[in-house]
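Tertiary structure, described
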Amino acid sequence: MLMSPAHHTSATPISDAADPAPLRPQPLREIDSLRLLQGQRELCIRHGNETYRLRHTRNDKLILTK
């Protein structure tokens, strides 16, 4: 149960009038690396203002670098 930050010792839950339903974890999406890389050894992933490089190594590992 989430507690109100102003009342750490109270048992008052934080309510969200816009979404009264409890939060449920979503199942993780899975994508095959072959489909993601599409036959290439590297690809760039833009995340906000940053670019990351996903590389498939000769040892069949994936390395993500900034």
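Look a little higher up for the structure.
Heads up: these notes are all about the structure in this document.

Scoring rules and cut-offs
Residues numbered from 1 in each chain as written. Predicted model: local features only at pLDDT ≥ 70, side-chain atom pairs only at ≥ 80, totals over all residues. Heavy atoms only, no water. Helix = DSSP H or I, 4+ residues; strand = E, 2+ residues; numbered from the N terminus. Salt bridge = Lys/Arg side-chain N within 4 Å of Asp/Glu carboxyl O. Buried < 20%, exposed > 50% of the residue type's maximum accessible area, 1.4 Å probe, protein only. Pairing = 2+ DSSP bridges. Contact = heavy atoms within 4.5 Å.

**Quick word on the overall build of the protein chain**
A count of helices and strands for the protein chain gives one helix and three strands. Ordered by position in the sequence, the α and β elements of the protein chain form the string α-β-β-β.

**What about the pattern of salt bridges?**
This model, assessed by the stated rule, comprises two salt bridges. For Arg53, the salt bridge identified is with Glu42, shortest N-O distance 2.5 Å. Taken together, the residues Arg53 in strand β2 (residues 50-56) and Glu42 in strand β1 (residues 42-47) connect sequence positions eleven residues apart. Accessibility expressed as a relative area gives 40% for Arg53, which makes it partly exposed. In this structure, Glu50 engages Lys66 in a salt bridge whose closest nitrogen and oxygen atoms are separated by 3.7 Å. A residue pair is termed long-range when its members are at least 10 positions apart, and Glu50 in strand β2 and Lys66 in the segment after β3 (62-65) qualify at 16 residues. With a relative accessible area of 67%, Lys66 lands in the exposed category.

**Things to note about the pairing of β3**
Direction of pairing for β2 relative to β3: antiparallel, over a ladder of four bridges. Following the sheet pairing, Arg55 is matched in β3 by Ile63. Adjacent in sequence and paired antiparallel, β2 and β3 are bridged by five residues, among which Asp60 carries a positive phi angle near 60 degrees.

**What about the side chain of Thr57?**
Its location among the elements puts Thr57 in the loop between β2 and β3. The class of Thr57 is buried, set by a relative accessible area of 11%. Residues contacting Thr57, with those up to four places away along its chain left out, are Arg41 and Ile63.

**With respect to unusual backbone geometry**
Of note in this structure, Gln38 is not a glycine but carries a positive phi near 50 degrees. Relative to the elements of secondary structure, Gln38 occurs in the loop between α1 (33-37) and β1. Phi angles above zero are rare outside glycine, and Asp60 is one such case at about 60 degrees. Inspection of the secondary structure assignment puts Asp60 in the loop between β2 and β3.

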